[in-house]
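Residue strings, one per chain:
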Number of protein chains: 2
Amino acid sequence: MPNNRQIHLASRPVGEAQASNFALVNSETPVLQEGQVLVRHHYLSLDPYMRGRMNDAKSYAQPQPLGQTMGGGTVGEVVESRHGKFNAGDKVVGMGGWQEYSVVDANQLGALRKVDTTHVPLSHYLGAVGMPGVTAWYGLVKILAPQVGQTMVVSAATGAVGSAFAALSKARGCRTVGIAGGPDKCQYAVAELGFDACIDYKLHQDAASLSRAIAEACPAGVDGYFENVGGMVLDAVLPRMNAFGRIAVCGMIAGYDGQPLPLAYPALILTQRLKVQGFIVSEHMEIWPEALKELGSLVATGQLKPRESIAQGLAAAPEAFLGLLKGKNFGKQLVKLI
Amino acid sequence: MPNNRQIHLASRPVGEAQASNFALVNSETPVLQEGQVLVRHHYLSLDPYMRGRMNDAKSYAQPQPLGQTMGGGTVGEVVESRHGKFNAGDKVVGMGGWQEYSVVDANQLGALRKVDTTHVPLSHYLGAVGMPGVTAWYGLVKILAPQVGQTMVVSAATGAVGSAFAALSKARGCRTVGIAGGPDKCQYAVAELGFDACIDYKLHQDAASLSRAIAEACPAGVDGYFENVGGMVLDAVLPRMNAFGRIAVCGMIAGYDGQPLPLAYPALILTQRLKVQGFIVSEHMEIWPEALKELGSLVATGQLKPRESIAQGLAAAPEAFLGLLKGKNFGKQLVKLI
């Protein structure tokens, strides 16, 4: 069986995550049992939620166990199969983790899914036509409930979720405004992703200043806000929410290192009669088929042109992940493993 | 026409509201026009929302205009009518304001409603079978969506809203826990209002201590929380929320004087996948008939025995109102005007 390199969680972060929290380990892939499939990973997905799992704290996800391979989404190719539904050469998406190969019990519901790469590149099944895309779809469609002519705002606008959000929101006839860090990302958001406007939060020292910029970009106020970051950005958006506005809370990356991250004016939830709802897309599997169908169609027709930041080789994964947490990626962050 | 004493808003509060913000004014009731009804008020309702209207800030309600009679709910008796649907002697509920009489345009939809005092005392139409009761009903039924065996928590538990909340929540088979200020209120909550437990927040110096008391009173966690106060109490409840918990935000009385009132751990909205929703019951008139029917039945059958704090005479209204804001009332705060 082939040699398999893995990245384990070696220690839990104290404050900011460090490269030393990870360890590169050599192992061998085991002999397949009946019902199992050996997958060679082509791409590993890096996502902000992984930072939360590195903590030992109560959270929605089980903590990542120490001394084991980091969990994560992967796409790849079946190299050997002892399951009737999979054959060598099949392109598949699964949760293979931070390693070059995985052995998957294919009888486990949802563990492995065959994908069609005729119109959609394989890597996009980790981004626009995968978990991040479905995340944008669920938050927008099920929580923000957009209506034609309303204004929808998303933070981390050029990331995998934000990119998909823009295409989905524009397709519903909404003014769509992004918040991102730096002029390059903001220009790209408007020129390539279809945002009507994009605000560079790095130009603002405090929430009040950022909030004024949001007011300018959203002259009719904000009806729906998709939150990926929390902290100052949420404080800046909240005063711009219209009555009966909706906020989908998908991520609070600003607080993943454990620092306090208070919300300055929760009374606005009352005075503006807002709905603020947290969600995790993996708890809503029933909407995935509908969401993936729309996302696949948007990619195939060129309405959604997701950008990817690709690190090369498994050993590059930790640095790429730490960069993602600081917003250094530009589009969906992947690690190419072949 | 009879002499009519009124209380006007004389000035807007700077920080805490003061008696000097109000002015007692003498006037005369005008001659009735066609379609108008003259009502003599028996009781005036005092409610926390009135404090918000005293500010000139953007809020859900229009600010109370300076130099005009304070708005507010009233019950009373028709003394003269030039409208075919009302006759002298009818008992009515309306928004007559802080005055002894009001002239009502009875053609205006919802301005005046006849009530039946056979089984429900007139004053209760300002409390348990009025706006506060319907407020509890809407928040519980439409936002907290209680299921049998779940745990529902309410702050300001012995107030008009909290009292009705207890009866409605117990009727739905929920463990029902109150938060109130002082041993008398807590004892009353359990002995008379049907709460399974009541926590005295005044015994706790900080949110962490209060939160431990909530954990003890809610061994299975909190599924629904009805928020009347905000601040430390909300910070204490939030960490006790179960996954997919709901929070109905009805009031943030702790912040009405303008001091900052941050929420310490908004990230819990994400990690516990909470829904936090603000509402104002007057924007949901479609549910009033159903809610009033249930509340009237609970009162008539003795399942809901609301307590009232009654101040005597219009001149006593400002001090009673300021006491309400500090939690000095015990049950629904009214002013008796006859």
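Residues numbered from 1 in each chain as written. Chains lettered and ligands numbered in written order. Predicted model: local features only at pLDDT ≥ 70, side-chain atom pairs only at ≥ 80, totals over all residues.

S.K.: Explain the overall build of chain A to me, please; I cannot follow it from the model alone.
M.R.: Counting its regular elements, chain A contains nine helices and 15 strands. A compact globule built from 338 residues should have a C-alpha radius of gyration of about 20 Å, and chain A, at 20 Å, falls within 12% of that. C-alpha atoms of chain A, sized along the principal axes, occupy 60 × 45 × 35 Å. Per-residue burial for chain A yields a buried fraction of 52% across its 338 residues. In chain A, once contacts between residues fewer than 6 apart in sequence are set aside, the share between residues at least 24 apart is 66%. (Helix = DSSP H or I, 4+ residues; strand = E, 2+ residues; numbered from the N terminus. Rg over C-alpha atoms; globule rule 2.2 N^0.38 Å. Buried ≥ 20, exposed ≤ 12 C-beta atoms within 10 Å, placed from the backbone. Contact = placed C-beta atoms within 7 Å.)

S.K.: What is the right way to read the interface of chain A and chain B from this model?
M.R.: Counting residues at the interface gives 26 residues for chain A and 26 residues for chain B. Elements with a contribution of two residues or more to the side of chain A that touches chain B: helix H7 (267-271) and strand E13 (275-278) of chain A. For the side of chain A that touches chain B, the residue count by class is 16 nonpolar, eight polar and two charged. In this structure, E13(A) lies alongside strand E13 (residues 275-278) of chain B, joined through three bridges in antiparallel fashion. Among the inter-strand pairings, A:Val276 is bridged to a residue of E13(B), identified as B:Val276. (Nonpolar A, V, L, I, M, F, W, Y, C, P; charged D, E, K, R; others polar. Pairing = 2+ DSSP bridges.)

S.K.: In this structure, what is going on with helix H4 (residues 183-191) of chain A? I would like to understand it.
M.R.: Given 3.6 residues per helical turn, the α-helix brings residues three or four places apart onto the same face. All names here are of chain A. The set of residues buried in H4 consists of Lys185, Cys186, Tyr188 and Ala189. All buried residues of H4 fall inside an arc of 165° around its axis, so they share one side. More than 90 degrees from the buried face of H4, the exposed residues found are Pro183, Asp184 and Ala191. Buried residues along H4 sit against strand E9 (175-180) and strand E10 (197-200). (Arc of directions from axis to C-beta.)

S.K.: Would you mind showing me how to read the sheet that holds strand E9 (residues 175-180) of chain B here?
M.R.: One open sheet accounts for twelve strands, arranged E10(A)-E9(A)-E8(A)-E11(A)-E12(A)-E13(A)-E13(B)-E12(B)-E11(B)-E8(B)-E9(B)-E10(B); its pairing is mixed. Whereas interior strands pair on both sides, the edge strands pair on one side only; in this sheet they are E10 of chain A together with strand E10 (197-200) of chain B. Between one strand axis and the next, the sheet turns by 15° as a mean value, whatever way the strands run. Of the pairings in the sheet, the one linking strand E8 (residues 151-155) of chain B to E9(B) comprises five bridges and is parallel in character. Note on E9(B): the bridge partner recorded for B:Val154 is B:Gly178. In the packing of helix H2 (residues 131-144) of chain A onto the sheet, the strands contacted are strand E8 (151-155), strand E11 (222-227), strand E12 (241-249) and E13 of chain A, and the crossing angle to E12(A) comes to about 140°. Packing of helix H3 (residues 160-171) of chain A onto the sheet brings it into contact with E8, E9 and E11 of chain A, and relative to E9(A) it is tilted by some 165°. (Axes fitted to C-alpha atoms, helices over the stretch in contact; angles between N-to-C directions.)

S.K.: Hey, could you run me through the domain arrangement of chain A in this one?
M.R.: One widely used convention gives an interface's size as the accessible area the parts lose upon coming together. Residue and element names in this part refer to chain A. For chain A, the domain assignment lists domain 1 (3-127 + 306-336) and domain 2 (131-282). Between the C-alpha centres of domain 1 and domain 2 there is a distance of 28 Å. Every contact between the two is made by 14 residues of domain 1 and, on the other side, 15 residues of domain 2. The residue makeup of the side of domain 1 that touches domain 2, split by class, is five nonpolar, six polar and three charged. (Domains from an automatic or database assignment.)

S.K.: Mind showing me how you'd approach the relation of the copies chain A and chain B here?
M.R.: In this arrangement, two copies of a chain are superimposed by a rotation about an axis accompanied by a shift along the axis. Turning chain A through 180° and shifting it by 0.0 Å along the axis lays it on chain B, with an RMSD of 0.0 Å. Here the transformation between the copies is reduced to the relation of a two-fold axis. Counting the interface residues of chain A, we find that 100% of their copies in chain B are interface residues as well, pointing to one common contact surface. (Least-squares fit on C-alpha atoms with pLDDT ≥ 70 in both.)

S.K.: Explain the pairing of E11(A) to me, please; I cannot follow it from the model alone.
M.R.: The side chains of a regular strand alternate, first on one face of the sheet and then on the other. All names here are of chain A. The element E11 is largely enclosed, with a buried count of six among its six residues. Both E8 and E11 contribute to a ladder of three bridges, which runs parallel. Its bridge partner being in E11, Val154 is matched across the sheet by Phe226. With five bridges joining them, E11 and E12 adopt parallel strand pairing.

S.K.: I tried to follow the environment of A:Gly89 on my own but got confused; where do I start?
M.R.: All names here are of chain A. Along the chain, the position of Gly89 falls in the loop between strand E4 (74-81) and strand E5 (91-94). Taking the number of C-beta atoms within 10 Å as the measure of exposure, Gly89 has 9 and is therefore exposed. Residues Gly89 and Arg40, 49 residues apart in the sequence, show an inter-C-alpha distance of 10.0 Å. Ignoring anything within four residues of it in the chain, the contact list for Gly89 reads Glu77 and Val78.

S.K.: Would you mind going over the packing of helix H2 (residues 131-144) of chain B against helix H3 (residues 160-171) of chain B with me for this structure?
M.R.: The description of two helices packed together rests on the angle between their axes and the distance between the axes. Residue and element names in this part refer to chain B. Their axes nearest at 8 Å, the elements H2 and H3 cross at an angle of 50°. What the angle tells us is that H2 and H3 run oblique. The crossing of H2 and H3 is right-handed. Counted together, Pro132, Gly133, Thr135, Ala136, Trp137 and Leu140 of H2 and Ala160, Val161, Ala164, Phe165, Leu168 and Ser169 of H3 form the full contact between these two elements. (Parallel < 35°, antiparallel > 145°, perpendicular 65-115°, else oblique. Left-handed = near helix turned anticlockwise from the far one by under 90°.)

S.K.: Would you mind showing me how to read the environment of A:Ala23 here?
M.R.: All names here are of chain A. Relative to the helices and strands, Ala23 resides in strand E2 (residues 22-28). Overall, the presence of 13 C-beta atoms within 10 Å leaves Ala23 in the partly exposed class. Remark: the alpha-carbon pair of Ala23 and Gly162, spanning 139 residues in sequence, is separated by 31 Å. Residues within four places of Ala23 in sequence aside, it is in contact with Ile7, His8 and Ala10.

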